[in-house]
Structures are given as C-alpha cells and as structure tokens.
Amino acid sequence: MRIEAVKAGQRYGDRWVFRGLGLAVGPGEVVALTGPSGCGKSTLCRLMAGYEKPAEGRILWDGRPPAPGFAPVQMIFQHPETSVNPRWRMKRVLEEAWDVDERTLEALGIEAAWMDRFPGELSGGELQRFCIARALHPGTRILIADEMSAMLDAVTQAQLWAFMLEEAKRRELGILAVTHDAALARRVMTRQVPFPEP
Ligand SMILES: Nc1ncnc2c1ncn2[C@@H]1O[C@H](COP(=O)(O)OP(=O)(O)OP(=O)(O)O)[C@@H](O)[C@H]1O
C-alpha cells in the first residue's frame, strides 16, 4: 500500500499550518518526519491517517481518498493513555483490535499479569506496548508513529523499534515516524523528510 499527500494544506481558523505539502510512503519504506515544534507534523499524521481532511490538496490511499471502515493505516500516538478506553481491562483493549499472537506479546515484552489491569494501572511505556501490539493488526499496511517513543527509556525504545522494523521488513509495512531524535532517525529510517519551517 502507498499513502500520499498531494499539495496538501491544513489551516485552523484563518491560520495555515502548512500548504502545498507532498509526501509519499510506500511498502517497506521507513520515513522519518522531522521539524521544529509546531510546524505541523502531528497535523500531517492525522491527515495521512484519515482522521482529518485537508483544507486543500488531497490525501490518497492507493490513489483513492481514505475510506471509512477497517483502516489499513494505523496510528500510534505520543500519549497512549489518550487512545485506550480507561474503563476496560487491558485484555479487552487488546481483544477489541485483534487476537494478538504470543510472538507479538513476547517481542513487545507484554507481561501476562498486565492483562487484568486497567490502563491507569500501567506506566506510559507499558501502555505504549499495548498500543503498538494493537496497531500491528494483520491487516495493517502502513503505521504512522507520532513520537511514539519519546516517553520511553533508551533500552525500551530500542527494543520496540527493533520489533517494529522487523515486522516492517517481514510484512512489507510502510512506516511514517515523527521523531525529534536525530540519532534514531539516522539509525532506523530509509528516508528522512524535513518539514518546511512554519
Ligand atoms: N485543532 C486545532 N485547532 C487549532 N490549532 C491547532 C489544532 N491542532 C493543531 N493546531 C496548531 O497547528 C500547529 C501545528 O501543530 P502540530 O501539533 O501539528 O505541530 P507539531 O509539528 O506536531 O508540533 P510538536 O513537535 O510540538 O508536537 C500548532 O501551531 C498548533 O497550535
């Protein structure tokens, strides 16, 4: 699958965040999106994931506008607590997405004891592992990671990225990742796209 922004622009009120932006992510590509705070990286992620519509230009998934229904484009947010139901135990949070296999649970270091807890009873890093597991649904073709590892220590960050990259290679997933970490971008990405200055 290939997702694309074509001359895309977004504005809130009468203020443009960016205009005329072009970017494409195809199978097996790991693309880093870098740029100063406030330039619109998260906004572009939401457009590419089909959560928001651009004010001008187009977002295309395999040449067509994002369609409702099952999304082959999955997003991992910087703050995992905002993307799970706080009243569900983690077992249910996972099951809602897919029947996550043992291999994924093990590779992400998800412990059996965490399954009966509520999201508020896990650390941010522990919760983010669940969000990554959910996003790695067998039908996922593109992952959009918006500073997913900013809250993690270096060892955990390396472990989670290693598994994501292994999966990207094995399943030909495309990854668009926002990161402020230049070293991480150099290490894991096939291509880096600097965002235009705001
Ligand atoms: N829903 C909204 N309503 C109004 N303004 C918004 C909205 N969402 C984002 N903005 C503004 O758009 C600009 C871009 O925000 P965005 O979060 O995309 O930047 P970013 O590059 O991801 O920043 P950071 O690196 O700090 O996370 C900011 O000035 C922000 O205040």
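Relevant structure appears above.
Keep in mind that this is a model prediction, so the values were computed, not measured. (Residues numbered from 1 in each chain as written. Predicted model: local features only at pLDDT ≥ 70, side-chain atom pairs only at ≥ 80, totals over all residues.)

Asks: Explain the pairing of strand β5 (residues 73-76) to me, using residue names and the numbers behind them.
Replies: Side chains V73 and M75 of β5 all project onto a buried face; the interleaved residues Q74 and I76 project onto the opposite face, where all are buried too. Of the strand pairs in this sheet, β5 and strand β6 (residues 142-146) are connected by four bridges, and their pairing is parallel. By the bridge assignment, V73 is partnered in β6 with I142. (Buried ≥ 20, exposed ≤ 12 C-beta atoms within 10 Å, placed from the backbone. Helix = DSSP H or I, 4+ residues; strand = E, 2+ residues; numbered from the N terminus. Pairing = 2+ DSSP bridges.)

Asks: Account for the environment of V25, with residues named and values stated.
Replies: Looking at the element boundaries, V25 is found in strand β2 (residues 15-25). The class for V25 is buried, based on 26 C-beta atoms found within 10 Å. With residues up to four places along the chain from it excluded, the contact list for V25 reads R2, I3, V31, I142, G174 and L176. (Contact = placed C-beta atoms within 7 Å.)

Asks: Tell me what's going on with the sheet that holds β5, and back it up with residues and numbers.
Replies: As summarised here, the arrangement of the five strands in space is β5-β6-β7-β3-β8, forming an open sheet in which the pairing is parallel. The strands lining the two open edges of the sheet, one partner per strand, are β5 and β8 (191-194). Between one strand and the next, the sheet's axes are offset by a mean angle of 20°, whatever the strand orientation. Pairing of strand β3 (residues 30-34) with strand β7 (residues 174-178) involves four bridges; the strand directions are parallel. In the sheet register, V31 faces β7, and the bridge partner there is L176. (Axes fitted to C-alpha atoms, helices over the stretch in contact; angles between N-to-C directions.)

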